[in-house]
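Now for the letters of each chain:
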Amino acid sequence: MNIKVAQKKLSAFAGFLRKNDKADGTIRKYTGEVKVFLKWCRLHGIRRINMSVMERYREYIQTFRLPAGCNTALISLHRFFLFACPRKAPRLKTALFPVQRKSSCDSVFTRGEFEKLLRLAKESGEERCYFLMRILAASGMRISELAFVTRDSLSHGSCVVRNKRKTREVFIPRALCKELSEYCDRNGINGGLVFCGKKGKNILLHKSTIWRDLHRMGCQADFLPPGLSLHAHTFRHFFAKEFMERYKDLSDLADILGHSSVETTRIYTRTTSREKHSRIDALDRESAGLYGGLP
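What counts as what
Residues numbered from 1 in each chain as written. Predicted model: local features only at pLDDT ≥ 70, side-chain atom pairs only at ≥ 80, totals over all residues. Heavy atoms only, no water. Helix = DSSP H or I, 4+ residues; strand = E, 2+ residues; numbered from the N terminus. Buried < 20%, exposed > 50% of the residue type's maximum accessible area, 1.4 Å probe, protein only. Contact = heavy atoms within 4.5 Å. Areas by Shrake-Rupley, 256 points an atom, 1.4 Å probe, with all protein chains shown as cover. Lys, Arg positive; Asp, Glu negative; His and termini not counted. Salt bridge = Lys/Arg side-chain N within 4 Å of Asp/Glu carboxyl O. Polar contact = N/O pair within 3.5 Å; in protein donor to acceptor, adjacent residues only side chain to side chain. Phe/Tyr/Trp six-rings, centres within 6.5 Å; stacked < 30°, edge-to-face > 60°. Axes fitted to C-alpha atoms, helices over the stretch in contact; angles between N-to-C directions. Parallel < 35°, antiparallel > 145°, perpendicular 65-115°, else oblique. Nonpolar A, V, L, I, M, F, W, Y, C, P; charged D, E, K, R; others polar. Core = buried A, V, L, I, M, F, W, Y, C linked by side-chain atoms within 4.5 Å. Arc of directions from axis to C-beta.

Novice: Lay out the overall build of the chain with the relevant residues and their values.
Specialist: Each helix and strand in the chain was counted, giving 14 helices and four strands. The buried share of the chain, reckoned over its 295 residues, is 40%. Partitioning the contacts of the chain with sequence separation of at least 6, the portion at a separation of at least 24 is 62%. Accessible area for the chain stands at about 17,400 Å²; split by element, carbon and sulfur atoms hold 53% of it.

Novice: Now, about unusual backbone geometry: what can you tell me, with residues and values included?
Specialist: Phi is mostly negative for residues that are not glycine, and the peptide bonds are mostly trans. Positive phi values are uncommon outside glycine, yet K248 reaches one of about 50°. Looking at where K248 falls in the secondary structure, it is placed in the loop between α11 (232-247) and α12 (250-257).

Novice: Break down the side chain of R236 for me, with residues and values.
Specialist: With respect to the helices and strands, the residue R236 is situated in helix α11. For the buried R236, no salt bridge exists, and the shortest N-O distance to an oppositely charged side chain is 4.7 Å, to E145. Separated by 2.5 Å, the side chain of R236 and the backbone oxygen of G140 make a polar contact. Discounting residues that sit within four places of it in the chain, R236 has contacts with L136, G140, M141, R142, R168, L257, H259 and Y268.

Novice: Please set out the environment of L120 residue by residue, giving values where relevant.
Specialist: Position of L120 relative to the elements: it lies in helix α6 (residues 111-123). Spatially, the C-alpha atom of L120 lies 7.6 Å from that of Q220, the residues being 100 residues apart in sequence.

Novice: How would you explain the packing of aromatic side chains if you had to name every residue and give the values?
Specialist: Counted by the stated rule, this structure contains 20 aromatic pairs. Between F80 and F81, the aromatic rings sit 5.9 Å apart at their centres with planes inclined by 50°, giving tilted as the arrangement. Across this residue pair, the class does not change: F80 and F81 are buried. Here the aromatic rings of F239 and F243 are separated by 6.1 Å at their centres, their planes lie at 35°, and the arrangement is tilted. Residue F239 and its partner F243 are both found in helix α11; the two are separated by four residues, about one turn of the helix.

Novice: Explain the pattern of salt bridges to me, using residue names and the numbers behind them.
Specialist: Tallied over the entire structure, the rule returns 12 salt bridges. Here E145 ties to R168 by a salt bridge, and the two come within 2.8 Å at their closest N and O atoms. Highlighted residues: E145 in the loop between α7 (127-139) and α8 (151-156) and R168 in strand β2 (residues 166-171), separated in sequence by 23 residues. Neither residue differs from the other here; E145 and R168 are each classed as buried. Across the pair D185 and R151 runs a salt bridge, and its minimum N-O distance is 2.9 Å. Taken together, the residues span a long stretch of sequence, with D185 in helix α9 (residues 174-186) and R151 in helix α8 at a distance of 34 residues. Each of the salt bridges in this network shares a partner with another, and the network as a whole consists of E126, R128, D213 and R216.

Novice: Hey, could you go over the packing of α7 against helix α10 (residues 207-221) for me, with residue numbers and the actual values?
Specialist: Contact geometry of α7 with α10 gives a least axis separation of 10 Å together with a crossing angle of 95°. Of the possible angle classes, the one that applies to α7 and α10 is roughly perpendicular. Here α7 contributes R128, C129, L132 and M133 to the contact with α10, which in turn contributes T209, I210, D213, L214 and M217. Each residue belonging to the contact of α7 with α10 can be placed in one class, and the counts come to six nonpolar, one polar and two charged.

Novice: Give me the nonpolar core: which residues, what numbers.
Specialist: In this structure, M133, I135 and F235 are the most contacted members of the largest nonpolar core, which totals 41 residues. Elements with a minimum of two residues in this core: α6, α7, β1 (158-163), α9, α10 and α11. Per-element accounting of this core gives the leading share, eight residues, to α7. In terms of nonpolar packing, the next biggest core, distinct from the first, is built from 31 residues, Y30, V34, V53 and A84 among them.

Novice: Explain helix α3 (residues 51-61) to me, using residue names and the numbers behind them.
Specialist: Given 3.6 residues per helical turn, the α-helix brings residues three or four places apart onto the same face. If you check which residues of α3 are buried, you get V53, M54, Y57, R58 and I61. Down the axis, α3 shows its buried residues gathered within 140° of arc, on one side only. Taken together, the buried residues of α3 touch α2 (24-43), α4 (67-84) and α5 (89-92). At the N-terminal boundary of α3, the capping side chain belongs to N50, with an oxygen 3.1 Å from the backbone nitrogen of S52.

Note that all results are geometric; they support no functional claim without further evidence.
See the structure below:
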């Protein structure tokens, strides 16, 4: 494939992704990886893309990226080649790097830690952050799906979410709907989005604002392992774990979370390292009791 042709097709690739309901973040990621690759080609005087070039690039990126990051780049390029030159794409596909699957999800907090977060938010007067955490943990919705939580939806106890050509109903606990309605009354939110960015404008809070609010609460709570931040998606994991511990119905949880595959849902139900350690300790105590503590 000619480099100049690839450059010309890049903007059309972004349009293709948008037409296929890819999220803005996904579009930026794919097109960004293609731009980095094309820049590398120009710097090395490469005019045509072939398998030899792809292998060289694969070797290059592994010198400064982790395997998962390398795979992101290679997958993005393959998606681009499938669009730009579908017949040649199979000949340009390189092998991905092996990535060890994590057996634990250590960023998920416990019920006690979640209650501590809510307490801190109330004591700090962070009412909006309090309700953000409440609804994310009580419904399992994604951060982008907050755009469908309107004042009107609170009276129904649910909202209809449309995302990536899929539509599903997200249920909100009745008690929380009542609290959110009172929150709206106090803040003059008479209609439209509950979590709007600017008063009078029906636009969802920016993700960076939500991240800053949650990060601040996480720092105050001081229970996450070093290097980890409190993210909105952590509350989705928390909801999944709570649901499974109570009802043990994986297929029902997959429906609630909007997953087409139960295997995807399993990721959300992983235990943390400390939970695994606690269970192993408990098992050892039981075994010691069974055998009378004999060596």
